[in-house]
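Breakdown of the fold
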Amino acid sequence: MAAQAAPACGPAPSGELKAERIAAVKPSRSEAGLYEGPVWIKDALYFSDFSFGPGFPSRIRKLAADGTVSTAIKDSGSNGLAVDAQGNIVAATHKYKALSRYALPGGTRSTIAGEYGGQVFDSPNDIAIARDGTIYFTDPDYQQAAAPGGQPVTGVYRVGVDGKVTLVDGSRKNPNGIALSPAEDVLYVNALDGKLMAHPIANGVPQPGHALITGLDGPDGMTIDCHGDIYVSEHAARRVRVFSPQGKELATIRVDANVTNAAFGGADRQTLYITGAGALWQIHLGVSGMPY
């Protein structure tokens, strides 16, 4: 993350915690779907709102600091979201099978990366951005049916500042959550196999990873706090678990529906926002963290 400086670091969370639903955020569709990809930009939280209908139609909604909810981008085709150094939304867009940028204000879309090896991606899902502008993203096949084409593997990709796309890891079935350590020397990736892999980064290039955590229950999106602790959403388990950079479990944050992702926001960047199945939750933790 390069766009927003974090406030002073507070104590890491511990024990059993519970996040509260934000009543103002209610489903805006009749079809079943998910909220995804929360990202805090300036003084508001943005998140994807997509359904399971044909093409997985998606919009980006905005929760303002005063509690009002609006639609920021009507047809984003997005899942995971992040913010770049200019304050624009970087989106994993299954509609375009590409990594996209939505300019703020206005929402004009441009393509950051649209293919690898001459083929479009499967369904880009989650994003991590280094301070120099290097972007990492996961590409499972969960929304592959949104548009024709795809890749022979479900992969983890790196997009260099020169726009060159390289495959970091193509060996795992449906990689999902992705995050960078605060020092940007480790890339974390979870997947359907229930493992959180830690890839050391040398000279800007992720190396083969090792299993830092195993036995995760349906791992989904992730975020990082100022200590480098890892917040892993576990979808059907309806929780976000917090682990130290050494893999020690520190805390569990529970909610009352399936979860997809988490991000820090608020004026002090100490409120954790959690997205899920037709709901958005929040909990003030007293520790600052990444805005996506």
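**Concerning the overall build of the chain**
What the chain contains, in helices and strands, is zero helices and 26 strands. For the chain, whose C-alpha radius of gyration is 17 Å, the value lies close to the compact-globule estimate of 19 Å for 292 residues. By its C-alpha atoms, the chain is 45 × 40 × 35 Å across when sized along the principal axes. For the chain, the proportion of its 292 residues judged to be buried stands at 57%. Looking at the chain alone, contacts between residues at least 24 apart form 47% of all its contacts between residues at least 6 apart. Element-wise, carbon and sulfur atoms account for 51% of the exposed surface of the chain, whose accessible area totals about 11200 Å².

**Some words on the pattern of salt bridges**
Going through the model one piece at a time under the given rule, you end up with twelve salt bridges. Close ionic contact of arginine 172 with aspartate 193 constitutes a salt bridge, the shortest N to O distance being 2.9 Å. Of this pair, arginine 172 sits in the loop between β14 (165–169) and β15 (175–180) while aspartate 193 sits in the loop between β16 (186–191) and β17 (196–202); the two residues are 21 residues apart in sequence, bridging distant segments of the chain. It is possible to trace a salt-bridge network through shared partners that takes in Glu234, Arg239, Arg241 and Glu249.

**A word on the sheet that holds strand β2 (residues 20–21)**
The strand order across the open sheet formed by four strands is β2-β26-β25-β24, and the pairing between neighbours is antiparallel. Strand pairing shows two members of the sheet lacking a second neighbour, β2 and β24 (259–265), which therefore form its edges. Looking at chain direction, strand β25 (residues 271–276) and strand β26 (residues 280–284) are connected through five bridges and run antiparallel. Paired with isoleucine 274 across the two strands is tryptophan 281, which belongs to β26.

**Considering the side chain of arginine 158**
One can find arginine 158 in strand β13 (residues 155–159). Buried and unpaired, arginine 158 has aspartate 132 as its nearest opposite-charge partner, separated by 5.6 Å. A distance of 3.0 Å separates the side chain of arginine 158 from the backbone oxygen of glycine 204, its partner in a polar contact. For arginine 158, the contacting residues outside a window of four places in its chain are Thr134, Ile135, Tyr136, Lys164, Val165, Thr166, Val168, Gly204 and Pro206.

**Section: the pairing of β26**
Successive residues of a regular strand alternate their side chains across the two faces of the sheet. When β2 meets β26, the two strands line up antiparallel, connected through two bridges. Among the inter-strand pairings, glutamate 20 is bridged to a residue of β26, identified as glutamine 282. Between β25 and β26, which follow one another and run antiparallel, lie three residues, and glycine 278 among them has a positive phi close to 70 degrees.

**Notes on the state of the cysteines**
Applying the stated criterion across every chain, the model contains one disulfide. The disulfide bridge from cysteine 9 ends at cysteine 226, spanning 1.9 Å between sulfur atoms. Taking the sign of the S-S torsion, about 85 degrees here, the bridge from cysteine 9 to cysteine 226 comes out right-handed. Highlighted residues: cysteine 9 in the segment before β1 (15–18) and cysteine 226 in the loop between β20 (219–224) and β21 (230–234), separated in sequence by 217 residues. Cysteine 9 gets classed as partly exposed once you look at its relative accessible area, which sits at 38%. Classification of cysteine 226 as partly exposed rests on a relative accessible area of 29%.

**Brief notes about unusual backbone geometry**
Following leucine 104, the chain continues into proline 105 via a peptide bond in cis, with omega recorded as -5 degrees. Among the structural elements, proline 105 can be located in the loop between β9 (98–102) and β10 (109–113). Positive phi values are uncommon outside glycine, yet lysine 97 reaches one of about 50 degrees. Following the sequence through the fold, lysine 97 ends up in the loop between β8 (89–93) and β9.

**Concerning the sheet that holds β13**
Taken in spatial order, the four strands make up an open sheet running β11-β12-β13-β14, and their pairing is antiparallel. Single-partner strands in this sheet number two, and they are β11 (127–129) and β14. Across the sheet, the mean angle from the axis of one strand to that of its neighbour is 25 degrees, orientation sign disregarded.

**Structural notes on the environment of glutamine 119**
Looking at where glutamine 119 falls in the secondary structure, it is placed in the loop between β10 and β11. A C-alpha to C-alpha distance of 22 Å links glutamine 119 and alanine 191, two positions 72 residues apart in sequence.

**Remarks on the side chain of asparagine 176**
Counting through the fold element by element, asparagine 176 comes out in strand β15. In contact with asparagine 176, other than residues within four places in its own chain, are Asn125, Asp126, Thr138, Tyr142, Asn190, Ala191, Pro219, Asp220 and Gly221.

**Digging into the packing of aromatic side chains**
With the rule as written, the count across this model stands at eight aromatic pairs. Summarising the aromatic geometry, the rings of phenylalanine 121 and phenylalanine 137 are spaced 5.1 Å apart at their centres and angled 85 degrees between planes, so their arrangement reads as edge-to-face. On the criterion of sequence distance, the pair formed by phenylalanine 121 in the loop between β10 and β11 and phenylalanine 137 in strand β12 (residues 135–139) is long-range, its members being 16 residues apart. As far as the burial class goes, phenylalanine 121 and phenylalanine 137 line up, both buried.

Analysis parameters
- Residues numbered from 1 in each chain as written.
- Predicted model: local features only at pLDDT ≥ 70, side-chain atom pairs only at ≥ 80, totals over all residues.
- Heavy atoms only, no water.
- Helix = DSSP H or I, 4+ residues; strand = E, 2+ residues; numbered from the N terminus.
- Rg over C-alpha atoms; globule rule 2.2 N^0.38 Å.
- Buried < 20%, exposed > 50% of the residue type's maximum accessible area, 1.4 Å probe, protein only.
- Contact = heavy atoms within 4.5 Å.
- Areas by Shrake-Rupley, 256 points an atom, 1.4 Å probe, with all protein chains shown as cover.
- Salt bridge = Lys/Arg side-chain N within 4 Å of Asp/Glu carboxyl O.
- Pairing = 2+ DSSP bridges.
- Lys, Arg positive; Asp, Glu negative; His and termini not counted.
- Polar contact = N/O pair within 3.5 Å; in protein donor to acceptor, adjacent residues only side chain to side chain.
- Disulfide = S-S within 2.5 Å.
- Axes fitted to C-alpha atoms, helices over the stretch in contact; angles between N-to-C directions.
- Phe/Tyr/Trp six-rings, centres within 6.5 Å; stacked < 30°, edge-to-face > 60°.

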